[in-house]
Amino acid sequence: MKDDLYSLYASKLNLAEHGVSLHRGVGKLLNLPVNSLPLTDYCIYSGADLTLASDAISSVAERRQFSCSDDIDDCHIEINRAKLSHSQIGLTFNSRPVRLSTAAPITHYSVTIPLAGTAVYRIGDSHIETSPMQVCFLSAGLTLDVQRSANHLALILALNAPGFELFVGDDADLLASPEQPFALTIDLGNERLMTFAYVLGTLLRVLNEQVDDTTLQDTVIAKIEQALWYKFFSAAPEIKRAHEDARRVSERPESVGRVIDFVNAHASEDITMPQLVAVSGVSLRSLHTGFRQYFGYGPMAFVRKTKLRHCREQLLSANSTEATVGDIAAEWGFFQLSNFARNYRQEFGELPSETLSRKAELAIDEAEF
């Protein structure tokens, strides 16, 4: 499961010198020794250079930036990430208070379990604070802005969009994108999450094992990864409730609704901005304002996203031996394949060719699990 990317800043975690260990409650719940840390073979950065730390975390996720208001020379950061089939799991530490932020919305869904220290996540005009034994769930679409306390240690699980589609099952309402991203906290000690915690502890122990048969180990890890996410989403119904609330969070202007209906009805056709303005019944400026207040992006971006969603639905239902990415893209008005692939990957976290080839793989995974 390792990748050359993960040996970029190869080193061993050395948090003992900072007096940091697993929170006893979390260690007991995951059946891990509190005097040793998991994922010690997956360190991608260890040091006090915030620029290098930012580059390291950006190499495995969207572009992220560390900043520190204290003495930068004395801010030790350690980051480790293991790459799985649909997700990543890691451990992160900072000795001084730091801020971690993104300029663009994140495309992954993430679960963070603090092991030491606290963190404050700023979500628009509000914020949520976490401490050990609390799980923080972030939906895709959020612009990350988190302030971590000194000696903050946390487990982080990041799930890509294809994995989210797979592991939430057939829940169509949950798969529909909310108009507003959301975040919430869940009590890790909740009885419903006990099986999830057990599977997570098992995954951490297996990742730390050194075995001769790496193919067998990779197969075992893939199966545990599936069990982990199935157990998490089935045990956390508050995620669905928060998702539904996020979809109702703002009242949709009538002009925006008229444009949405028009785009959905004519998604396979060429759609222009003058058409949308005419359909909306308001001025160009008012239409842009309405879309940005409701969606966070403009009307033509909505057109592109709608067409991309139709492409994805067709790729997931197509026969990979007969259909081609180019044919499907052209059907929805995308004729520059390089631009299409870039926009598709930005929207869904994978290339369209990966979606097409993944259809058979998902069917096999679901049948075997």
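Quick caveat, the model's predicted, so the values are computed rather than measured.

Rules and cut-offs
- Within every chain, residues take consecutive numbers counted from 1 along the sequence as written.
- Restriction of local features to residues with pLDDT of at least 70 applies here, the model being predicted, together with a cutoff of 80 or more for giving and counting side-chain atom pairs; totals for whole chains, interfaces and linings are based on all residues.
- Values shown for side chains rest on all heavy atoms present in the structure; no hydrogens or waters enter the calculation.
- Here, a strand pair is defined by DSSP locating no fewer than two bridges between the strands.
- Each helix is a run of DSSP H or I of at least 4 residues and each strand a run of E of at least 2, with the numbering of both proceeding from the N terminus.
- Each axis is a line fitted through C-alpha atoms, and for a helix only the stretch in contact is used; angles between axes span 0 to 180 degrees, taken between their N-to-C directions.
- The predictor attaches a confidence to each residue, and that confidence, scored 0 to 100, is pLDDT.
- Contacts between residues were defined by any pair of non-hydrogen atoms, one from each residue, lying within 4.5 Å.
- Classification of residues uses two cut-offs on accessible area relative to the type maximum, computed with a 1.4 Å probe and protein chains only: under 20% is buried, over 50% is exposed, and between them is partly exposed.
- Using protein atoms alone on a 1 Å grid, points that fit a 1.4 Å probe yet trap it form a cavity, whereas open point sets bounded by protein on both sides within 12 Å along at least five of seven lines form a pocket; residues with an atom within 4 Å of a point count as lining.
- Grid points are joined across faces, edges and corners, and a volume is the space filled by probe spheres set on the points.
- When residues are sorted by character, Ala, Val, Leu, Ile, Met, Phe, Trp, Tyr, Cys and Pro go into the nonpolar class, Asp, Glu, Lys and Arg into the charged class, and all the rest, Gly among them, into the polar class.
- Relative orientations are named as follows: roughly parallel for angles under 35 degrees, roughly antiparallel for angles over 145 degrees, roughly perpendicular for angles from 65 to 115 degrees, and oblique for any other angle.
- The nonpolar core is taken to be a set of buried Ala, Val, Leu, Ile, Met, Phe, Trp, Tyr and Cys residues, with the residues joined through side-chain atoms within 4.5 Å.

A. Examining the sheet that holds strand β5 (residues 98-101) more closely. A sheet is described by the order of its strands in space; here five strands give the open sequence β2-β5-β10-β7-β8, paired in antiparallel fashion. Each edge of the open sheet carries a strand with a single partner, namely β2 (65-67) and β8 (126-130). For this sheet, the mean inter-axis angle between neighbouring strands, taken without regard to orientation, is 20°.

B. Inspection of the confidence of the model for the protein chain at higher detail. Residues with a pLDDT of 70 or more make up 84% of the protein chain, whose mean pLDDT is 81. Averaged pLDDT values over the elements of the protein chain bottom out at 59 in helix α14 (residues 352-368) and peak at 94 in helix α9 (residues 273-280). Taken as a whole, residues 1-12 scores under 50 in pLDDT and shows 33 contacts with residues more than four places along the chain or in a different chain. Note on residues 362-369: pLDDT under 50 across the span, and ten contacts to partners over four residues away in sequence or across chains.

C. Structural context of the pairing of strand β7 (residues 119-123). β7 sits mainly inside the fold: four of its five residues count as buried. Bridge analysis of β7 against β8 gives five bridges, and the strand direction is antiparallel. Pairing of Tyr121 across the sheet is with Ile128, part of β8. Connecting the antiparallel pair β7 and β8 is a turn made up of two residues, with Gly124 showing a positive phi of about 65°. Examined bridge by bridge, β7 and strand β10 (residues 145-148) share three bridges and lie antiparallel to one another. Within β10, the residue paired with Val120 across the bridge is Gln147.

D. Local environment of the layout of surface pockets. The volume enclosed by the second largest pocket comes to roughly 170 Å³. Together, Arg122, Ile123, Gly124, Asp125, Gly141, Leu142, Thr143, Gln180 and Pro181 line the second largest pocket. Its residues assigned to classes, the lining of the second largest pocket shows three nonpolar, four polar and two charged.

E. Inspection of the packing of helix α11 (residues 299-317) against helix α13 (residues 337-348) at higher detail. Packing of α11 against α13 brings their axes to within 11 Å, and their N-to-C directions diverge by 85°. By the criterion of interaxial angle, the relationship of α11 to α13 is roughly perpendicular. Residues Arg304, Lys305, Leu308, Arg309, Cys311, Arg312 and Leu315 of α11 pack against Phe340, Asn343, Tyr344, Glu347 and Phe348 of α13. Of the residues contributing to the contact of α11 with α13, the split by class is six nonpolar, one polar and five charged.

F. Up close: the nonpolar core. Ile89, Ile113, Leu200, Phe232 and Phe233 are the most contacted members of the largest nonpolar core, which has 53 residues in total. Contacts of Ile89, omitting those with residues within four sequence positions, involve Leu39, Asn80, Arg81, Ala82, Leu84, Ile156, Leu157, Leu200, Leu203, Leu204 and Leu207. Judged by nonpolar contacts, the second largest core, of 24 residues, contains Ile44, Ile77, Tyr121 and Ile128.

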